[in-house]
Each structure stands twice: as C-alpha cells, then as structure tokens.
Amino acid sequence: MDSFLVGLIGSGIGPSLSPPLHEQEAVHHGLHYVYRLLDIDRVGGDVGELVRTARRFGYDGLNVTHPCKRDVIPHLDELSPDARMLGAVNTVVFDGERAIGHNTDWTGFAESFARGLPDAPAHHIVQLGAGGAGAAVAHALLTMGADRITVADSDPARARALTGELAARFGAERASHARPSELPELLAGADGLVHATPTGMAHHPGMPLPAELLRPGLWVADIVYRPLETELLKQARALGCRTLDGGGMVVFQAVHAFRLFTGREPDAERMLAHLTDLITV
C-alpha cells in the first residue's frame, strides 16, 4: 500500500476540514494517507522552519493557508508558473531534495464560481482582501472574463501592489484599487462582491463590512468555509442576494493538491459530497 504524509501550515487552523477531506478520498484509492495540522500558533516557529522540519521528517507535501501563502516562498526551491505569477503558494510538493510551490487556489475558486454562479454578471466586481488568497481569486475572476475588478484592503499598499500585478497581466483598465472608506460608492454600482479576508472564520468572527452596504441586486461570494454560512453570507441571503460559499473553493483546490501529492486522480463529486457530510455532522 502506498503511503503519504502531508500537512497544513497556517494560523488558527484547528477547525480545518482538510485532514478528513484528503484522508477519506485516499481511502477510495487504497492509500495510507496521514494529514497533519501544523498550526504556527501552537507549534511555534516560522513558516520556513516548519517547511524545513517537514522535509526532514519525510513529508510528501504541505498545504499552506493564511497568513503564510506569501511568506513561504523564500523557503522553497522552485515555483510553478502559476505560483510565480501570483506570488502566493498554497501547495508545496517535496520532490527529492526540492520543495516546489504551487497555487491551486485560483483554479479552485474558478471551478467553484463557474459551478455556483454560472451566469452572474461581471462588469464590475469589488473584492475585499489583497493577500495570497485575494491574489488568486482576483486572477481567477479576470481570467474568467470579468470586465473590471476593484480591490480594497486595510493595507492600501498591498491593494495597490496587487492591482499593479493584475494590470500588468490583464490591462490597466481592468484592475484598480480603493480604500475601504470608498466601499459605499463602489458597491452601489457593482455587480458582485468577493470577500477574501479571514473575517468570518471561526477565529475571526464578524462582518468584513457594514451590512447596510449590501443590496438585493448584488451577488456575494465568500472564500471562508468554516463556518460555511458566514455572517456576511447570512446577511446577504436575508436580503435576497445570490451567494456563493467557500465550500466549493476548498474542495476544488484540495482536488488539485491531492493530485499533486499522490499522482492519483481524485473524484471531485465524491469530495464535494464528503465536505457536505463533514459540515452537517
């Protein structure tokens, strides 16, 4: 029986469903598969130290989540084209002596969006968050044909840097940045809102923006999946907004990561069903 040892590096990751999601899919492939949580808040050390330790202890790969998706890059030997382009890594594969970084977030979000909001208008989208996940989501939206995206972040320099990268790839007219104080005006004329910050997670409860900025004609997508119904989505649904939760993104990025770790072809529909079972337990 082939065996694999993988892990997840991040902060506040105790509620993560990645371990059972990966391990249950591995059962169907006849694999001995162990998935460990490496929470930087509990085990200490920085992301580089954890990567080196995982490599030394024979891990086959790692997933990487908030707030380490950019910080991990200097500690890797090689980046896939997508990871290099996005400047963010959520999957690390140990291949012999080399640690190779990949990004399966953007394809995971793209598949989830196409499935959950297939005909959503995308003339102008407002995105909250310009971190590693935000870079992947914005790239996915523009790749899928969104006309224009405006990125707002609590760190204006980070929003400016991300939109500069997006403008270089997609054209200056398709990406702009804004301060959170500009959200009332921006959302009044936007088709959709994408939330890509940790707010709403189990360890970061609350709303990322005032609820009164939401309106029925706005679609709302959240990348948070624990809980699956964040306060943002709850408020949006109460107004009649079309919504997309973070479950699809976490499953589809896991599908791509599982393939990278094992070389086996996972069953996305089975993993979606398993996530539903895990959340409703």
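Source: prediction; values computed, not measured. (Residues numbered from 1 in each chain as written. Predicted model: local features only at pLDDT ≥ 70, side-chain atom pairs only at ≥ 80, totals over all residues. Heavy atoms only, no water.)

**As for unusual backbone geometry**
As a rule of thumb, non-glycine residues mostly have phi less than zero, and peptide bonds are mostly trans rather than cis.
Then step 1. Residue P67 is reached from H66 by a cis peptide bond, and omega for that bond is 5 degrees.
Then step 2. Within the fold, P67 resides in the loop between β3 (61–64) and β4 (78–79).
Then step 3. Residue R226 is joined to P227 through a cis peptide bond whose omega torsion reads 5 degrees.
Then step 4. In this fold, P227 is placed in the loop between β11 (219–222) and α9 (231–239). (Helix = DSSP H or I, 4+ residues; strand = E, 2+ residues; numbered from the N terminus.)

**Looking at the nonpolar core**
Generally speaking, a soluble globular protein has its nonpolar side chains buried in company with each other.
Then step 1. Formed by 33 residues in total, the largest nonpolar core has its most connected members in F109, L141, I149 and L166.
Then step 2. In contact with I149, not counting residues within four places along its chain, are I125, Q127, A138, L141, L142, L166, R174, A175 and S176. (Core = buried A, V, L, I, M, F, W, Y, C linked by side-chain atoms within 4.5 Å. Buried < 20%, exposed > 50% of the residue type's maximum accessible area, 1.4 Å probe, protein only. Contact = heavy atoms within 4.5 Å.)

**Side note on the pattern of salt bridges**
For side chains bearing opposite charge, pairing can occur when the charged atoms are close.
Then step 1. Overall, the coordinates contain ten salt bridges when judged by the stated rule.
Then step 2. Across the pair E265 and R259 runs a salt bridge whose closest N-O atoms are separated by 2.8 Å.
Then step 3. Judged by relative accessible area, R259 falls into the partly exposed class, the value being 30%. (Salt bridge = Lys/Arg side-chain N within 4 Å of Asp/Glu carboxyl O.)

**As for the packing of helix α10 (residues 247–262) against helix α11 (residues 268–280)**
Then step 1. At a minimum axis distance of 10 Å, the contact between α10 and α11 shows a crossing angle of 135 degrees. In terms of axis orientation, α10 runs oblique to α11. When the axes of α10 and α11 are compared, the crossing they make is right-handed. Counted together, G247, G248, V250, V251, F252, A254 and V255 of α10 and A268, M271, L272 and L275 of α11 form the full contact between these two elements.
Then step 2. Here the residues of the contact of α10 with α11 are counted per class, giving nine nonpolar, two polar and no charged. (Axes fitted to C-alpha atoms, helices over the stretch in contact; angles between N-to-C directions. Parallel < 35°, antiparallel > 145°, perpendicular 65-115°, else oblique. Left-handed = near helix turned anticlockwise from the far one by under 90°. Nonpolar A, V, L, I, M, F, W, Y, C, P; charged D, E, K, R; others polar.)

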